[in-house]
Structure formats: structure tokens, C-alpha cells
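Next come the chains, spelled out residue by residue.
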Amino acid sequence: VSWVGRFFRFWYDFIVGDDWRVAAGVGVALAGGGVLVVLGIGSDAAITLLSLGAIVVGLVIGLNAERRKRLARDRS
Amino acid sequence: VVEGTDAGSVGLVTAVFIAALVEFVEAFTIVLAIGITRGWRSAIAGVIAACATLPLVTVVVGAALLRVPESMFQLVIGTLLLIFGLQWLRKAILRSAGLKALHDEDAAFREEQEAARLAGHETRFGLDWFAFVVSFKAMFLEGLEVVFIVLTFGLSADAVGLAAGAAVIAAVIVLLAGLLLHKPMSRVPENTLKFGVGILISTFGSLWAIEGLGLLRAGSESLDWPGGDLALPVLLVFWITLSLGLVAWLKNTVAAATVGEREGVA
């Protein structure tokens, strides 16, 4: 692996970590909140709560993936 | 948001102290395994090289962070902190629910020791290169995480000194305990600490990242959470409740599946 590959690998591991779904959930939640802000839709309170809800969904999706993996392993 | 508030200062010091404690225990475990197996000279040289590099990174990153508007700072740092915190929390929840093995510092120590024993001997600059590189990487990576947490928490709350002090105390405690015990600190209840840190970092991360979305509107003024200053303690309680609920959900579903399979087999 070249040093460029190692460089990106290091930052990927440092920032994204073990589960990309959780990081992606944060990205999607904030991007969604950002769109609402740019379009001027919803109050501050609504945008903050919706964004928080979307972040939680990302975490739950990440945890659910692990749960399904474990259940599949138990069945096999 | 946390400026001048007692809850903010207590949260800041607690989060930085516990996070630094966990990171230093991990670094110490690796350096100890390398030092015992390959010799202390190269292992300590790796630690010194990492400790010399970290301040340079801190100055560069810190200077860059000071130059950005508040909402951009909240958005960028809050996002990184949030991802960081959720990863800690995710692992802690999985461990608490029994879906992931508890991190065992004794096992980590044995694995590092075995890897160090099997690695070949290559000498560069008069040092055992394997021992130097592994110790450097361990100290640099764990130290970088601590620097990141100190800077983000410290700059956001305008209390870098307080945050740095908490990290230094954690380092001294780990070093003293390690020297006295001469063994990896497996007695530190790592998952409990990680659970706490994950919740604290996720709390601050979600607060700042979402506030920082205000960067995208005219005037770049941060978004306001409902409840104003009360948002911080409310978010903290929210993340605690959610995490405990998720642990219970995972425990229940896995236990139910196990029982169902047993009944199916019977």
C-alpha cells in the first residue's frame, strides 16, 4: 500500500471508525438539516429536533446491522 | 453555549479526563508490551518522538481552529466529535448488550507481546525499529485523540487550560498507576468509562453540530435549541436514556432469538 493509501486509511479510521453507517447517518442528518436551513423551512427548534432524530436513526441502523449479524451467526 | 456554566465546565472536565484516561491506558498497554519484550530503549524513544510531534500538530490544528467563525467551528468540530462519540457509544452499547467482547487490556497486552516476539529485528539509527515504530504509533494515535478532544472541548468552552489540565492529570494517573502496578491496567472498567465518554461526547457533539448548521443561513448565526441553556442537560439525559434503552432492546432480541432456537431444536 502506498503512503497515499496509508494516509487516507489513517484518516478514514480516525474519523469514520468501525462502522461507516453511524458516520453516514450523521452526514445525512446534518445534510438534511442544512437543506432545511438553506430553504428556510421550519423553525430552529424543528430543525434541531429533526436533525437529532435523524442522527439517532443512523445509530440505530448501525446497531441493528450488528444485531442481525449476531442473529445470523447464531442460526448458522 | 457552555461558556460560564457550571454544568458545561463539569461536563468538559469529566469528558476530557475520562477520554484521556482510556486513551492513555491503551497506549500504556502497548508500550509496556513492547518495552518488556523488545527492550525499553527503543520503546521509550518511540514515546518521546510521539510526545515531541504531538505539540506541533496541536499548534497547527489549534491555530486553524481559532481562525474560523463560530458557527463553522461548531459545525465542523461538532460533526467530528459527534461521529467520534457515537462510535464510542456504539461499541459500549454492543459490549453492554453482550454483542461484542469486552475489551480486555490483559488480552491486548498478550497479543502485543506475542506480535513483538515474532517480529524480526531491524536496526535503524541504533534503535530496534519495530519497537520504536509501534511505540510511536501507539502514543501518537492515542495522543492525537486526546489532543483532538482537548482542543475541541477547550476551544468551544473557552477553557483550553482546564481541558488540557484534565488530560495531563489523566496521563499522570495512568503513568503512576502503571509504574506502581507494572502491569496493564485491566482493572480500569473500560467499558463503563467508554459508555460515559461516548454519552458526553455525543451530547456536546450533537449540540454543537446542529447549532453549527446556522452557518448555512444569512448572517451565519448559530441555530437555537429549544430551551436555550437547558438543552445541554436535556440532551445529556436524552443520550443516557436512549443508550440504556438500546442496550435493553439488543439484550432482549438476542435473548429471545436464542430461546426460540432452543425451543425449535427441542
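The model shown is predicted, which means the values in this text are computed figures rather than measured ones.

About the cut-offs
- Residues numbered from 1 in each chain as written.
- Chains lettered and ligands numbered in written order.
- Predicted model: local features only at pLDDT ≥ 70, side-chain atom pairs only at ≥ 80, totals over all residues.
- Heavy atoms only, no water.
- Helix = DSSP H or I, 4+ residues; strand = E, 2+ residues; numbered from the N terminus.
- Buried < 20%, exposed > 50% of the residue type's maximum accessible area, 1.4 Å probe, protein only.
- Areas by Shrake-Rupley, 256 points an atom, 1.4 Å probe, with all protein chains shown as cover.
- Contact = heavy atoms within 4.5 Å.
- Buried area = accessible area lost by both parts, 1.4 Å probe.
- Salt bridge = Lys/Arg side-chain N within 4 Å of Asp/Glu carboxyl O.
- Polar contact = N/O pair within 3.5 Å; in protein donor to acceptor, adjacent residues only side chain to side chain.
- Nonpolar A, V, L, I, M, F, W, Y, C, P; charged D, E, K, R; others polar.
- Axes fitted to C-alpha atoms, helices over the stretch in contact; angles between N-to-C directions.
- Parallel < 35°, antiparallel > 145°, perpendicular 65-115°, else oblique.
- Left-handed = near helix turned anticlockwise from the far one by under 90°.

Remarks on the overall build of chain A
Along its length, chain A carries 3 helices and 0 strands. Along chain A, helices and strands appear, N-terminal first, in the series α-α-α. Within chain A, buried positions represent 37% of all 76 residues. Within the structure as shown, chain A displays about 4400 Å² of accessible surface, and the carbon and sulfur contribution to it stands at 67%.

Describing the interface of chain B and chain A
With 40 residues of chain B at the contact, the number on the chain A side is 35 residues. Surface buried jointly by chain B and chain A totals about 3400 Å² across both partners, of which 78% is contributed by carbon and sulfur atoms. The tally of links from chain B across to chain A stands at 4 salt bridges. Ionic pairing is found between E66(A) and R90(B), a salt bridge with its closest N-O pair at 3.1 Å. Linking chain B with chain A are 8 residue pairs in polar contact (both at pLDDT 80 or more), by the criterion used here. Mapped by element, the contributors of at least two residues to the side of chain B that touches chain A are α3 (70-96), α5 (129-156), α7 (190-211) and α8 (231-265) of chain B. Ranked by residue count, the leading element in the side of chain B that touches chain A is α8(B), at 12 residues. Across the side of chain B that touches chain A, the residue classes break down as 27 nonpolar, 7 polar and 6 charged.

Digging into the packing of helix α2 (residues 20-39) of chain A against helix α3 (residues 44-75) of chain A
Residues and elements named next belong to chain A. Where α2 contacts α3, the two axes come as close as 8 Å, and the packing angle between them is 160°. In terms of their interaxial angle, α2 and α3 are classed as roughly antiparallel. Crossing geometry of α2 relative to α3 is assigned as right-handed. Residues R21, V22, G25, V26, A29, G33, L36 and V37 of α2 form the contact with α3, whose participating residues are I47, L50, S51, A54, I55, G58, L59, I61, G62 and A65. Here the residues of the contact of α2 with α3 are counted per class, giving 12 nonpolar, 5 polar and 1 charged.

Honestly, that's just the spatial picture; any functional story needs more than this.
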